[in-house]
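The chain contents come next:
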Amino acid sequence: PKSLISIQSQNNHLLSAYKILKDFSGKPATLLEVNLPRDVYQQGQHSLHYLINSLIIVGLIFGVTTLFLVNKLIQSWHKQQESQARYRTIISQASDGIAIVDAVSKRFLEVNPAFERLIGYSASEILSLSIYDVIVQEKETIDRTFQYKSNGETYFTKEYQYLCKNKKFLDV
């Protein structure tokens, strides 16, 4: 025969189990009640609260850190924009011709208006040229000059003879 046990949760701290015990003739004789503390349930609830609180704290720390870093990134970006604007202003208003050349490809990357006037080409024309098209020297001599990076130098100056658009030579 089946033996039925009824289990009920009294509250968060107590669990009760009931069983009807029968006598020798099979008739209900007594009701057995067992009350057990819900220690495992309490431990699970405590662990769940600990986990939730930990996730909230970690999330807040992550959020604050992210906001701080994004703020620093934005400040850095604004400073960079200001620096680039100052750079562009100085380069474009300089009375001396300034040209920036890629050390590997020897192509012009940027020139200022004074450099355009100096050699007679427009900026778009100059940017399509390499340094070999403008400087009147042998390629090997120019290449040796551009080996400044291997010597640890960050910039260099040298006097050259430039071939202008009007095919005249200019000592610079």
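Structural notes, computed from the coordinates.

What counts and what doesn't
Residues numbered from 1 in each chain as written. Predicted model: local features only at pLDDT ≥ 70, side-chain atom pairs only at ≥ 80, totals over all residues. Heavy atoms only, no water. Core = buried A, V, L, I, M, F, W, Y, C linked by side-chain atoms within 4.5 Å. Buried < 20%, exposed > 50% of the residue type's maximum accessible area, 1.4 Å probe, protein only. Helix = DSSP H or I, 4+ residues; strand = E, 2+ residues; numbered from the N terminus. Contact = heavy atoms within 4.5 Å. Pairing = 2+ DSSP bridges. Axes fitted to C-alpha atoms, helices over the stretch in contact; angles between N-to-C directions.

As for the nonpolar core
By size, the foremost hydrophobic cluster in this structure holds 17 residues, and its most contacted members are Phe108, Phe115, Ile119, Ile126, Ile131 and Tyr162. Those elements giving two or more residues to this core turn out to be β5 (108–111), α2 (113–119) and α4 (131–134). Discounting chain neighbours no more than four positions away, the residues touching Ile119 are Ile126, Val134, Tyr162, Cys164 and Lys165.

Comments concerning the sheet that holds strand β1 (residues 5–9)
If you trace the three strands from one edge of the open sheet to the other, you get β1-β2-β3, paired in antiparallel fashion. In this open sheet, the two strands that pair with only one neighbour each are β1 and β3 (28–37). Recorded for the sheet is a direction-independent mean angle of 20° between the axes of neighbouring strands.

Considering the pairing of β1
For a regular strand, side chains alternate in direction, first toward one face of the sheet and then toward the other. Relative to strand β2 (residues 14–22), β1 runs antiparallel, the two being bridged by five bridges. By the bridge assignment, Ile5 is partnered in β2 with Lys19. Taking the residues that link successive antiparallel strands as the turn, the β1-β2 hairpin has four residues.

Focus on the side chain of Lys19
For Lys19, the location among the structural elements is in strand β2. Leave out the neighbours within four places in its chain, and Lys19 touches Ser3, Leu4, Ile5, Thr30, Leu31 and Leu32.

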